[in-house]
Amino acid sequence: MVGKLLLISTSHAGVVQFFDPSQIPQNQTIKAEYKTFLANNPMPIKEFLKDWDGDYTPKNGQNIALLDSRFDLGGGVGKHYYLGYFYQYDLFIDTVKDFTDLFYAVKNKNDLEVAREYALDLDIKGIKQHGLMFSGYGSMFENDDYSIAFGGALYLSYGLEMQNGFIDGKAQSINTKDYDIDASSSYYYTHNYLYDLDVTSTHGYGYGSHVGLYFKDKKHNFQIKFLVNDLVSKMYWKDLPFSKILLKTENKSHDENGYVKYAPTISGLEQYRDYTQTLTAKYKLEGSVVLDDSTIFGGIDLMHGENFPYVKISHKLDEVQTIELMHESRFGSFGFGYGYKNFKIAIIADAFSDVSSFGLSSSFFYRF
């Protein structure tokens, strides 16, 4: 049987990666879609992942780092339903400028501000999971002028990795090369990023849901969508590593340049626990209007109490080609997208080199 390829339109101007129940393919159609966004406030991504020795550009107040990735592969079941596989990897780190200031100075052995007190507040949440999802989409109300539709999805998943914890405390600089820390941490994890500790691997089983509400003004070619992903979503972990500890900077020594070195004292509780992880809901509100061969989008994504506004313009070049320009303001990223028949790709970043934010999306449909 000869296949027919179709173009799927996706919005990648925002930071957060969503499953949209309205984008379900029809019967005998396969959909594949990948979206990812990686960003952080303090410095370029390549340095953030290595030694923190590049440009340092923190924000006043809260500083965040995130990885948000999603892959979907599935097909239409009848006209209104979808069954597919998904892979999701989300990691979100939220801290204060005091924490990044101290960490950057220590990593690079820069002079400390004398007698400064640093707040050491950091939260980390993450999930890596994959599973099966069933989705549906249908009209709730429709006449010649307006329509309202509703979509929903339910999924069962297998948990691969997770992070859920915090650090709370303070540091005090003694002189330009010496400091003391007094902090505590409560931390569930599959890999301990706080200190070296070998743990037994584990896994989880979970479930979740997504919903969408859609309004269309047919006379003015205007649409609004409201999406909530992981509205009621949980992961049950068996024998998950857990640490509840105090961190004290004792056992002090100094290097040849007089900079302090620590073998920190860690005391408290380390054990394995059964744990129920509640996934953080993600929200999207987006409006769009069609003007001849162009469509203008504007919206905002919300996750972990952070807002990610964005705008996008999509223009139809001909019957088979589209181009897009996009901008998200939380990290100052700009992007470009191109679609041809069955395939679409989009890239967004805040710079041409030493990027602090980068996103990539691609998608296609295939009809048998």
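Structure: above.
Residues numbered from 1 in each chain as written. Predicted model: local features only at pLDDT ≥ 70, side-chain atom pairs only at ≥ 80, totals over all residues. Heavy atoms only, no water.

## A look at the side chain of R70
- Structurally, the position occupied by R70 is in strand 3 (residues 62-77).
- Among the residues examined, R70 registers a relative accessible area of 3% and is labelled buried.
- A polar contact of 2.8 Å, which involves the side chain of R70, links it to the side chain of D72.
- Dropping the residues within four chain positions of it, R70 is found in contact with Q17, F18, F19, E33, Y34, K35, F86, Y87, Q88, M133 and H210. (Helix = DSSP H or I, 4+ residues; strand = E, 2+ residues; numbered from the N terminus. Buried < 20%, exposed > 50% of the residue type's maximum accessible area, 1.4 Å probe, protein only. Polar contact = N/O pair within 3.5 Å; in protein donor to acceptor, adjacent residues only side chain to side chain. Contact = heavy atoms within 4.5 Å.)

## Side note on the pairing of strand 2 (residues 29-40)
- Along strand 2, 9 of the 12 residues are buried, which leaves the element largely enclosed by surrounding structure.
- The sheet contact formed by strand 2 and strand 21 (residues 357-367) spans 11 bridges and is antiparallel. From the neighbouring strand, T36 faces strand 21, where its bridge partner is L360.
- Pairing of strand 2 with strand 3, which is carried by 11 bridges, proceeds in the antiparallel orientation. Paired with T36 across the bridge in strand 3 is S69. (Pairing = 2+ DSSP bridges.)

## Let's talk about the nonpolar core
- Grouped together as the largest cluster of nonpolar side chains are 22 residues, with contacts concentrated most on L102, L112, Y118, L120 and L122.
- Of all the secondary structure elements, the ones that give two or more residues to this core are strand 4 (81-96), helix 2 (97-108), strand 6 (122-142), strand 7 (146-175), strand 8 (178-189) and strand 11 (234-248).
- By residue number, the principal contributor to this core is strand 8, which donates 4 residues.
- In this view, L102 contacts L112, Y118, L120, A171 and I181; residues no more than four positions away in its chain are not counted.
- V16, F37, A39 and F308 belong to the second largest nonpolar core, which has 17 residues in total. (Core = buried A, V, L, I, M, F, W, Y, C linked by side-chain atoms within 4.5 Å.)

## Comments concerning the environment of K177
- Considering the arrangement of structural elements, one finds K177 in the loop between strand 7 and strand 8.
- The sequence separation of K177 and E113 amounts to 64 residues, and the corresponding C-alpha distance is 9.1 Å.
- Dropping the residues within four chain positions of it, K177 is found in contact with D111, L112, N257, G258, Y259 and V260.

## Quick look at the side chain of K344
- Within the secondary structure, K344 sits in strand 20 (residues 343-349).
- Here K344 falls in the buried class, since its relative accessible area comes to 4%.
- A distance of 2.5 Å separates the side chain of K344 from the side chain of E324, its partner in a polar contact.

Note that every value here comes from positions in space, so none of it alone points to a role or purpose.
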